[in-house]
Amino acid sequence: MDLGIAGKSALVCAGSKGLGRACALSLAREGVNVVIVARGQEALAAAARDISALDRGTVRAVAADITTPEGRAAALAACPSPDILVNNAGGPPSGDFRQFDEAVWLAALRANMLTPIELIKATVDGMLDRGFGRIVNITSAAVKSPIDILALSNGARTGLTGFVAGLSRKTVGRNVTINNLLPGLFDTETLYSRSVSMAQASGKPVEEVHRHRMQPIPAGRFGDPAEFGDACAYLCSAQAGFVTGMNFLIDGGAYPGTF
Ligand code: NAP
């Protein structure tokens, strides 16, 4: 299916690795011109090379911390009027909520709630004026099934979800949609580094801990980031103009409920 977005521009935050990189690749495969943002130069350059090798749209890489005003300014300078915005950043630390002081909470809110809101604020009016816009926020399965040790993530991402629920109904009338993608367990660096911490805490071998984490997933495996990227590209497609304010869980069947 041709997604009808060739020639559109996309700003993909945290786009050098994992889920963000996969979204950038899937969009570029559709002929979208992408700007990817991340802090580390090396992974950013490697991702830009992979995107460029598709020989479809253009790619620009911006080395910046998207959670800072300066980082967002650099990203928006490279892509001032995106047709597509993919909001993403690293997740906050896990732990007992009693360990987290106000500064830790504010950092989590800044990264996983306020940064996406600031980027939406900076780009949505241009999308409305042009009569096309697709905004996808990468959140987490923890929005639907909160995990106790992920208090910071549960709180910040649910705050973003509430904000999006209101705004997305205001923008869809002018063909600007805003949706959230909720990853379950996907095979990325972040997932593996969490297995390393769990192995250290339990004294078990990392590979054993990592494999054990697959067990509750009915699909019997972790998600492939490419599967996530293609779901993102669909939400950004011309055909998805009637889909807004939704929370799409992609978790291999891990969520046990009917809805
Ligand atoms: P990943 O593979 O580790 O990639 C993280 C990406 O974010 C990298 O490109 C990283 O590059 C970039 N990044 C992190 N902080 C940034 C910042 N302040 N400014 C700009 N770029 C930044 O992680 P992932 O698994 O794709 O996770 C993406 C998001 O999904 C995270 O919020 C994570 O918590 C959430 N999530 C993931 C899973 C999963 O199973 N993978 C499940 C639920 C939720 P630099 O470090 O070089 O900046």
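Before any of the text, the structure's been laid out above.
This text gives an overview of the structure that appears in the document. (Residues numbered from 1 in each chain as written. Predicted model: local features only at pLDDT ≥ 70, side-chain atom pairs only at ≥ 80, totals over all residues. Heavy atoms only, no water.)

1. Some details on the packing of helix α1 (residues 18-29) against helix α2 (residues 41-52)
Between α1 and α2, the least distance of the axes is 9 Å, while the angle of their chain directions is 25°. When the interaxial angle is binned, α1 and α2 end up roughly parallel. At the point where α1 passes α2, the crossing takes the right-handed sense. Residue-level inspection shows Arg21, Ala24, Leu25 and Ala28 of α1 in contact with α2, the latter providing Ala47, Asp50 and Ile51. When grouped by side-chain class, the residues that make up the contact of α1 with α2 number five nonpolar, no polar and two charged. (Axes fitted to C-alpha atoms, helices over the stretch in contact; angles between N-to-C directions. Helix = DSSP H or I, 4+ residues; strand = E, 2+ residues; numbered from the N terminus. Parallel < 35°, antiparallel > 145°, perpendicular 65-115°, else oblique. Left-handed = near helix turned anticlockwise from the far one by under 90°. Contact = heavy atoms within 4.5 Å. Nonpolar A, V, L, I, M, F, W, Y, C, P; charged D, E, K, R; others polar.)

2. Brief notes about the sheet that holds strand β7 (residues 247-250)
Here seven strands make up an open sheet; going across it, the order is β3-β2-β1-β4-β5-β6-β7 and the pairing parallel. Of all the strands in the sheet, the pair left with one neighbour each is β3 (59-63) and β7. Ignoring strand direction, the axes of neighbouring strands in this sheet form an average angle of 15°. Bridging between strand β1 (residues 9-13) and strand β4 (residues 84-87) involves three bridges; their strand directions are parallel. Looking at the pairing, leucine 11 lines up with leucine 85 of β4. (Pairing = 2+ DSSP bridges.)

3. Focus: the packing of aromatic side chains
This structure, assessed with the given rule, holds one aromatic pair. Ring centres of phenylalanine 186 and phenylalanine 228 lie 5.4 Å apart, and the angle between their planes is 75°; this geometry places the pair in the edge-to-face category. Taken as a pair, phenylalanine 186 in the loop between β6 (176-183) and α6 (189-202) and phenylalanine 228 in helix α8 (residues 225-235) lie far apart in primary sequence, 42 residues in all. For the pair phenylalanine 186 and phenylalanine 228, one class covers both residues: buried. Over the ring of phenylalanine 132 we find lysine 8; its NZ or CZ atom is 4.2 Å from the centre of that ring. Across the ring face of tyrosine 255, the terminal group of lysine 144 is positioned such that the distance to the ring centre comes to 4.6 Å. (Phe/Tyr/Trp six-rings, centres within 6.5 Å; stacked < 30°, edge-to-face > 60°. Buried < 20%, exposed > 50% of the residue type's maximum accessible area, 1.4 Å probe, protein only. Lys NZ or Arg CZ within 6 Å of the ring centre and 35° of its normal.)

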